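# Observations on chain architecture
Listed here are the chains, written in short residue letters.
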Amino acid sequence: MLVKHICRIFPVAVAAMCLYVTVCAAGEQKAALDDLYFSDENVQLTAKEMNALAIAKSWQQGDVMAENPVIGQDGSIEYLFGAEQPNIVCAVMQITDIELERGESVTSVNLGDSVRWQVQPAVSGGDVTHILVRPKQVGLETSMVVTTDRRTYHIRLSSDRTQYMPRVKFFYIEDAISKWRAIQTTAAAKREIATIPETNEYLGDLDFGYTVSGRASWKPVRVYNDGIKTILEMPDTFQQKDAPTLLVEILS
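The structure contained in this document is the topic of the report that follows. (Residues numbered from 1 in each chain as written. Predicted model: local features only at pLDDT ≥ 70, side-chain atom pairs only at ≥ 80, totals over all residues. Heavy atoms only, no water.)

Helices and strands together make up the secondary structure of the protein chain, namely four helices and 14 strands. When each of the 252 residues of the protein chain is scored for burial, the buried share is 23%. Accessible surface, the protein chain: about 18800 Å² in total, of which carbon and sulfur atoms supply 57%. (Helix = DSSP H or I, 4+ residues; strand = E, 2+ residues; numbered from the N terminus. Buried < 20%, exposed > 50% of the residue type's maximum accessible area, 1.4 Å probe, protein only. Areas by Shrake-Rupley, 256 points an atom, 1.4 Å probe, with all protein chains shown as cover.)

Below is the structure:
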């Protein structure tokens, strides 16, 4: 009767007390599980191993080639692949969509904590692979390694109560390099086509704004200039001994 009376008068206080007891019990249970499955004794690391860990930590935090994520055209968060280990924030009751490069196929997905995280594949447009991530609890941290037929993604996942990243993408520096090389190759091919083999002159630098009139057998078949000199292209029947005197008339 006393308990019922207290609950009737102080329902909020009782609820808070029950929540406190529940949290404490959960914390004690977690500590018990940690003590049961994990040892407190760590291995002694050598100086070389400590240096390697410092390099890994620097890469994880983006200290080496730090690049801030940028916003994509569709509102997605885009990371430069390979610059750092991206930390993707997820939330319970929400799904984070990690979109890979078009045409890229996933070969395996490995999670450090595969019990409290759900990962599912999806495909859009026939050739765009998505990795859908959803945590089961708040305050989780784990790593995820995704291997594809093109590259390997090392991703860090963390879970929040309400804050999360709905869409995540990557942009790739090798794509920019390959596109630039393609542009250079195309430009070189076009220049080669537009270059006179005999004189190695590029037509794009030449001015053909001339007209030739007359009936002489030695009449030039074409006249042009390269900005420095004027070239008269003579017919094949032209003989050097028949060369006339060239006069230039300057019109005012």
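There is more to say after this.
Oppositely charged side chains are able to pair whenever their charged atoms sit close together. Summed over all chains, the structure comprises twelve salt bridges. Notably, a salt bridge pairs Arg-116 with Asp-113, separated by 2.7 Å at the nearest N-O pair. The partly exposed category is assigned to Arg-116, whose relative accessible area is 31%. Taking the relative accessible area as the measure of exposure, Asp-113 reaches 13% and is therefore buried. Close ionic contact of Asp-226 with Lys-229 constitutes a salt bridge, the shortest N to O distance being 2.8 Å. (Salt bridge = Lys/Arg side-chain N within 4 Å of Asp/Glu carboxyl O.)

As a rule of thumb, nonpolar side chains are buried together in soluble globular proteins. Counting residues in each nonpolar core, the largest one holds 18 residues, and the members touching the most others are Ile-88, Ile-98, Val-133, Ile-155 and Leu-157. Among the elements of the structure, β3 (87–91), β7 (128–135), β8 (141–148), β9 (152–160) and β10 (167–171) are those that each provide at least two residues to this core. A per-element tally of this core places β9 first, with three residues. In this structure, Ile-98 is in contact with Ile-88, Thr-129, His-130, Ile-131, Val-133, Met-144, Ile-155, Val-168 and Phe-170, ignoring residues within four places of it in sequence. (Core = buried A, V, L, I, M, F, W, Y, C linked by side-chain atoms within 4.5 Å. Contact = heavy atoms within 4.5 Å.)

Let's shift gears to the side chain of Lys-169. Note that Lys-169 resides in strand β10. Residue Lys-169 is classed as buried on the basis of its relative accessible area, which comes to 17%. Residues contacting Lys-169, with those up to four places away along its chain left out, are Asp-74, Ser-76, Ile-77, Glu-78, Tyr-79 and Glu-99.

With that settled, consider the environment of Ser-158. Tracing the backbone shows Ser-158 in strand β9. It is 6.1 Å that separates the C-alpha atoms of Ser-158 and Cys-90, two residues lying 68 residues apart in sequence. What Ser-158 contacts, discounting residues up to four positions off in sequence, is Asn-87, Ile-88, Val-89, Cys-90, Trp-117, Leu-140 and Glu-141.

We now examine the pairing of strand β4 (residues 96–99). Residues of β4 alternate between two faces, with Thr-96 and Ile-98 on one and Asp-97 and Glu-99 on the opposite face, all of them buried. Bridge analysis of β4 against β7 gives four bridges, and the strand direction is antiparallel. Its bridge partner being in β7, Asp-97 is matched across the sheet by Leu-132. Both β4 and β10 contribute to a ladder of two bridges, which runs parallel. Opposite Asp-97, over in β10, you have Arg-167 as the bridge partner. (Pairing = 2+ DSSP bridges.)

Take the sheet that holds strand β5 (residues 106–111) next. Taken in spatial order, the four strands of this open sheet run β3-β9-β8-β5, and their pairing is mixed. This sheet does not close on itself; its edge strands, each paired only once, are β3 and β5. On average, each strand axis in the sheet is inclined to that of its neighbour by 30°, with strand direction left out of account. As defined by bridge partners, β8 adjoins β9 across seven bridges and the pair is classed as antiparallel. Within the sheet, the bridge partner assigned to Ser-143 lies in β9 and is Arg-156. (Axes fitted to C-alpha atoms, helices over the stretch in contact; angles between N-to-C directions.)

Everything listed is a geometric property; what it means functionally is a separate question.
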